[in-house]
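So the chains spell out like this:
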Amino acid sequence: MKTREWLFDLFFCLSLLVAFATDSTAQGRIRARDLGVPFDGAPGAFNAITDVAGVEVGQVTLISGEGKVVVGKGPVRTGVTTILPRGRLSTDPVFAGWFALNGNGEMTGTAWVEESGFLEGPVSITNTHSVGVVRDAVVDWMVRRPTGQPWALPVVAETYDGLLNDVNGFHVKAEHAIKALDGAVSGPVAEGAVGGGTGMVCFGFKGGIGTSSRKLSAQSGGYTVGVLVQCNAGRRSELRLAGVPVGREITDLTPCQSMPGTATGFARNMRPCDAIATAPSDERWEGGGAGSIIVVVATDAPLLAHQLRRLAVRAALGVGVAGGKGENSSGDIVIAFSTANPRAAQDSGRVHLEMVPNDLINPLFYATVQATEEAIANAMVAAQTMTGANGVRVYGIPHQRLQAALKKYNRFNESAPPK
């Protein structure tokens, strides 16, 4: 027994050394548009939140171990994702607003965002039980900045990954949060089971991080709206992509137990993976819609704090378009910020601001709804089947069956690249 425990410890330590790195391979994965999902609106160059100039994203992914949970050792399926509105080199706050569709979740720092109208630092996303350590790490990172202020109230949000991850083992450490911050870059963003989204489940399929953007026409201002989601929410039967009831077309690949009898909590009554499921049968995923989604909206349009709250509300409509209903047990929280109006938070002299008139704001609303829906779809399309804590298995959305559903409802985009 002691030899077996020693080997487990050795394997765990070695796998952690390999695992905690920013996932750079996910960009080779297929995205929803590649499968022929038709979305409204024109995306930016990367179809990502980083299409908003200055925005950078950093991610650290932790994957190790398998089998029965040994608290503190694994299996580990978790991580950290961070978004920096003006990049790592800037300490200039941005106008921001936030909104909770349903509040069974956490996003720290929102009281000051609401009071001041500013977001003063990054937005970080992790698992539910790691909010504290990530928050403390971000504080440390912020107060050590050369021109940073001597205090910090960072925004850190969460969704629960306890089905696939040893969530009570507290595997996310301060160094992981710091590494995500220091490694943040512009350009393409890894999606699916990466960063804070590593262990997440979206509409009963494997979920995680997804992103998308919209570029408005010159007539509408030429602005860019980018969205990043950490999707861990939704009932399978409610899932809709481009208006197609995908969740009612693909009913069998529900989460299951590969090691029956070992799962606990929500997973206890999941079907065994070798049992045929012809219809959704898991109360965890079909009865309550438990889970959460965090949405981060960025734009270069000159919007003030009250207008950005309005943008955040429209992101919640994007969640609804995909099938989210803001169920009682879900934490659906949105924060939106604008990179326009630099130096608006300066403490000397009057500040001269620009803003989009309310009568011209509708194109930004539409873009936010569209990009949120597509970001959710990208999170699922990029994520692959994963087996985690206590042998719980969550399936990636099957690409060919998704395409078949689109064709059935005459919603398949024939011009999409063949896959």
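The shown structure was predicted, so the numbers you read here are calculated from the model rather than taken from an experiment.

Bringing the packing of aromatic side chains into the picture now. A complete count under the given rule lists 2 aromatic pairs for this structure. Where F95 meets F118, the ring centres are 4.6 Å apart and the plane angle is 20°; that geometry is what we call stacked. Placement of F95 in strand β3 (residues 94–103) and of F118 in strand β4 (residues 118–119) is noted, with a sequence separation of 23 residues between them. Exposure class is identical for F95 and F118. Each is buried.

Detailed conclusions should not be drawn from predicted coordinates in areas where pLDDT is low. Averaged over all residues, the pLDDT of the chain equals 90, while 89% of them reach at least 70. Below pLDDT 50 for its whole length, residues 1–27 participates in 39 contacts with residues either more than four positions away or in separate chains. Scored below 50 in pLDDT, residues 281–288 shows 26 contacts in the model against residues more than four places distant or in partner chains.

Counted by the stated rule, this structure contains 2 disulfides. Across a sulfur-sulfur distance of 2.1 Å, C202 and C231 are joined as a disulfide pair. What sets the handedness of the C202 and C231 disulfide is the S-S torsion sign, and at about 65° it is right-handed. Taken together, the residues C202 in strand β7 (residues 201–202) and C231 in strand β10 (residues 224–232) connect sequence positions 29 residues apart. C231 matches C202 in its accessibility class, with the two residues each being buried. Two residues, C256 and C273, share a disulfide whose sulfurs are 2.1 Å apart. One quick way to see it: the torsion about the S-S bond of C256 and C273 is about 95°, and its sign makes the bridge right-handed. Here C256 is found in strand β11 (residues 256–257), whereas its partner C273 is found in the loop between β11 and α6 (283–286), with 17 residues between them in sequence. Neither residue differs from the other here; C256 and C273 are each classed as buried. Sequence-ordered numbering of the bonded cysteines in the chain gives a disulfide pattern of 1-2, 3-4.

About the cut-offs
- Residues numbered from 1 in each chain as written.
- Predicted model: local features only at pLDDT ≥ 70, side-chain atom pairs only at ≥ 80, totals over all residues.
- Heavy atoms only, no water.
- Phe/Tyr/Trp six-rings, centres within 6.5 Å; stacked < 30°, edge-to-face > 60°.
- Helix = DSSP H or I, 4+ residues; strand = E, 2+ residues; numbered from the N terminus.
- Buried < 20%, exposed > 50% of the residue type's maximum accessible area, 1.4 Å probe, protein only.
- pLDDT = per-residue confidence, 0-100.
- Contact = heavy atoms within 4.5 Å.
- Disulfide = S-S within 2.5 Å.

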